[in-house]
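So you can see what is in the structure, the chains are spelled out below.
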Protein chains: 2
Amino acid sequence: MVVWMQIDYNILIAYGGIAKKFEKGEYVFVEDSMPHFYYQVIEGQVKVYYSNSDGRELTQGIFSRGQSFGEPPLILNKPYPNFAQALTQCVLIKLGKDNLFKILKDFPEMSHRLFLTFAERMYDMATFSAIMIKPRPQEKLELFLRSLRKEIYSEKRLLVPFTRQQIANFTGLRVETVIRELKKMSKENKVSIINKKLYY
Amino acid sequence: MVVWMQIDYNILIAYGGIAKKFEKGEYVFVEDSMPHFYYQVIEGQVKVYYSNSDGRELTQGIFSRGQSFGEPPLILNKPYPNFAQALTQCVLIKLGKDNLFKILKDFPEMSHRLFLTFAERMYDMATFSAIMIKPRPQEKLELFLRSLRKEIYSEKRLLVPFTRQQIANFTGLRVETVIRELKKMSKENKVSIINKKLYY
DNA sequence: CGCTCGTTTGAGAGGACTCAAGGTAGGTGG
DNA sequence: CCACCTACCTTGAGTCCTCTCAAACGAGCG
């Protein structure tokens, strides 16, 4: 299996990238801090999310092996609008901003790749915005579930690999609301709940 | 005054770009349709927004002279997740996808410019996500207002150039809620309302 | 003046959230 | 093998607060 990498590992190292280990729960960056590095995941998972004082959070994305995150603030030299936290023990490559720009200049194909990644990320964010505008929880959940299988054309209902709490964090709802609405949707046969596992 | 252009007018024309007029209210593209063109504003304003069945809408952005919009779906060849509508009478340049890619290949500086634009757009979208997660209207409004003056460091309160309805559309609230909350904030001296005009 | 568009106010209802508590499953250790 | 712990799921009752609906006001304009 070929592992897709945002920027080739060897290039990152050659240009001064350094691997750093993060413990589970450790923050890679926090809201309002200034960016200094480009981050790319070698191992583990990183969650990027917004949070508010109520302890509620909104997950922007979960990034794994090969993916990079937090580039826009770095490029624009603006403070991070969100948090990045290690979901599991992680190994990340850290690379200084100047070196990143050197790579993008020396390797047009990397530049192009990042460009496409940005387009995809924007498309995903747009889908999320569409979720947020829905006033009814059920509509939010339907849109979220549908967005999960964007690439998958299958007749069968597939297991949704998230806990109720994670779904709540993706949709901006509360856990209890997610549970109650999913139960309703199950009765209407819009989803299946078998042994507490959710299928859509 | 130098007008900033995403891609130089002359290049667009040379590569087959065509100017097209849109009447006020006319749609440039609609949700779920497939993209065929790159659009750049020559004159007028275009609003990009999501909408739901309730007639509520969420404004993603308002684009004017020199700005382009709707690129991610075009690049990814995916259906538009939102609507683009002429707010005023407009003139736009339409350019086929292949020709856009030719330009980006032939003019690395245009490519780089679009790259930076993407970074900015993503940053703005991230700020919006942060707005959406706030459960209280007042927090949403504060974040929105703060985001308006991101570049402007001024002591004085500045006129907010949006109607209550537009603010509602940006924050996902209803007009009445916006009005009531702004009134509260005015009492708390967080904003000024002078002669119905809003200052922040 | 009469139209349109934006703003404002009030009353009422719905529904998601809050809070509290209990259930279930999987993993760990004695 | 059982007791315990932790994480996740579930349920119920009650409150709060935004939304809904309806109506009216003000400004600008032909």
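First things first, this report covers the structure right here in the doc. (Residues numbered from 1 in each chain as written. Chains lettered and ligands numbered in written order. Predicted model: local features only at pLDDT ≥ 70, side-chain atom pairs only at ≥ 80, totals over all residues. Heavy atoms only, no water.)

## Some points on unusual backbone geometry
Phase 1 of the analysis: Positive phi outside glycine occurs at N77(A), with the angle close to 60 degrees.
Phase 2 of the analysis: Tracing the chain through its elements places N77(A) in the loop between α2 (71-76) and β7 (83-86).
Phase 3 of the analysis: On the basis of relative accessible area, N77(A) is assigned to the partly exposed category, the value being 47%.
Phase 4 of the analysis: For N195(B), which is not glycine, the phi torsion reads 60 degrees and is therefore positive.
Phase 5 of the analysis: Within the fold, N195(B) resides in the loop between β9 (192-194) and β10 (197-199). (Helix = DSSP H or I, 4+ residues; strand = E, 2+ residues; numbered from the N terminus. Buried < 20%, exposed > 50% of the residue type's maximum accessible area, 1.4 Å probe, protein only.)

## A word on the packing of aromatic side chains
Residue and element names in this part refer to chain A.
Phase 1 of the analysis: Tallied over the entire structure, the rule returns 28 aromatic pairs over all chains.
Phase 2 of the analysis: Their ring planes at 65 degrees and their centres at 6.3 Å tell us that F37 and Y39 sit as a pair that is edge-to-face.
Phase 3 of the analysis: Under the relative-accessibility criterion, F37 is labelled partly exposed at 29%.
Phase 4 of the analysis: Under the relative-accessibility criterion, Y39 is labelled buried at 7%.
Phase 5 of the analysis: Members of the aromatic cluster, connected to one another through ring pairs, are F29, F37, Y39, F63, F69 and Y80. (Phe/Tyr/Trp six-rings, centres within 6.5 Å; stacked < 30°, edge-to-face > 60°.)

## Observations concerning the protein's contact with DNA strand D
Phase 1 of the analysis: I179(A), K183(A), P137(B), R174(B) and T177(B) are the nearest of the 16 residues found near DNA strand D.
Phase 2 of the analysis: Restricting the count to atoms of DNA strand D within 4 Å of the protein gives a sugar and phosphate share of 67%.
Phase 3 of the analysis: Here a base nitrogen of DNA strand D and a side-chain polar atom of R180(A) are 3.1 Å apart.
Phase 4 of the analysis: Taking R174(B), its side chain carries an N or O atom lying 2.4 Å from a phosphate oxygen of DNA strand D.
Phase 5 of the analysis: Residue assignment for the surface near DNA strand D shows that the elements contributing at least two residues are α6 (164-171) and α7 (175-187) of chain A together with α7 (175-187) of chain B.
Phase 6 of the analysis: Its residues assigned to classes, the surface near DNA strand D shows two nonpolar, three polar and 11 charged. (Near = heavy atom within 4 Å. Polar contact = N/O pair within 3.5 Å; in protein donor to acceptor, adjacent residues only side chain to side chain. Nonpolar A, V, L, I, M, F, W, Y, C, P; charged D, E, K, R; others polar.)

## Here's the deal with the environment of P35(B)
Residues and elements named next belong to chain B.
Phase 1 of the analysis: Here P35 is to be found in the loop between β2 (27-29) and β3 (37-43).
Phase 2 of the analysis: Taking C-alpha positions, P35 is 6.5 Å from P79, a pair spaced 44 residues apart along the chain.
Phase 3 of the analysis: Those residues in contact with P35 that lie beyond four places of it in its chain are P73, L74, K78, P79 and Y80. (Contact = heavy atoms within 4.5 Å.)

## Focus on the packing of helix α5 (residues 137-148) of chain A against α6(A)
Residues and elements named next belong to chain A.
Phase 1 of the analysis: It is at 10 Å that the axes of α5 and α6 come closest, and there the two elements cross at 100 degrees. Regarding the angle of α5 to α6, the classification is roughly perpendicular. In contact with K140, L141 and F144 of α5, α6 contributes I167, F170 and T171.
Phase 2 of the analysis: Of the residues contributing to the contact of α5 with α6, the split by class is four nonpolar, one polar and one charged. (Axes fitted to C-alpha atoms, helices over the stretch in contact; angles between N-to-C directions. Parallel < 35°, antiparallel > 145°, perpendicular 65-115°, else oblique.)

## Notes on the relation of the copies chain A and chain B
Phase 1 of the analysis: With an RMSD of 0.1 Å, the fit of chain A onto chain B corresponds to turning through 180 degrees and sliding 0.1 Å along the axis. What the superposition gives is, in effect, a two-fold axis relating one chain to the other.
Phase 2 of the analysis: Comparing interface residues between copies, 100% of those in chain A also sit at the interface in chain B, which points to an isologous, same-surface contact. (Least-squares fit on C-alpha atoms with pLDDT ≥ 70 in both.)

## Digging into the pairing of strand β8 (residues 90-96) of chain A
The side chains of a regular strand alternate, residue by residue, between the two faces of the sheet.
All names here are of chain A.
Phase 1 of the analysis: As paired strands, strand β1 (residues 18-22) and β8 are joined by five bridges and run antiparallel to one another. Paired with F22 across the bridge in β8 is C90.
Phase 2 of the analysis: Sheet analysis places strand β3 (residues 37-43) next to β8, joined by six bridges and oriented antiparallel. Within β8, the residue paired with Y38 across the bridge is L95. (Pairing = 2+ DSSP bridges.)

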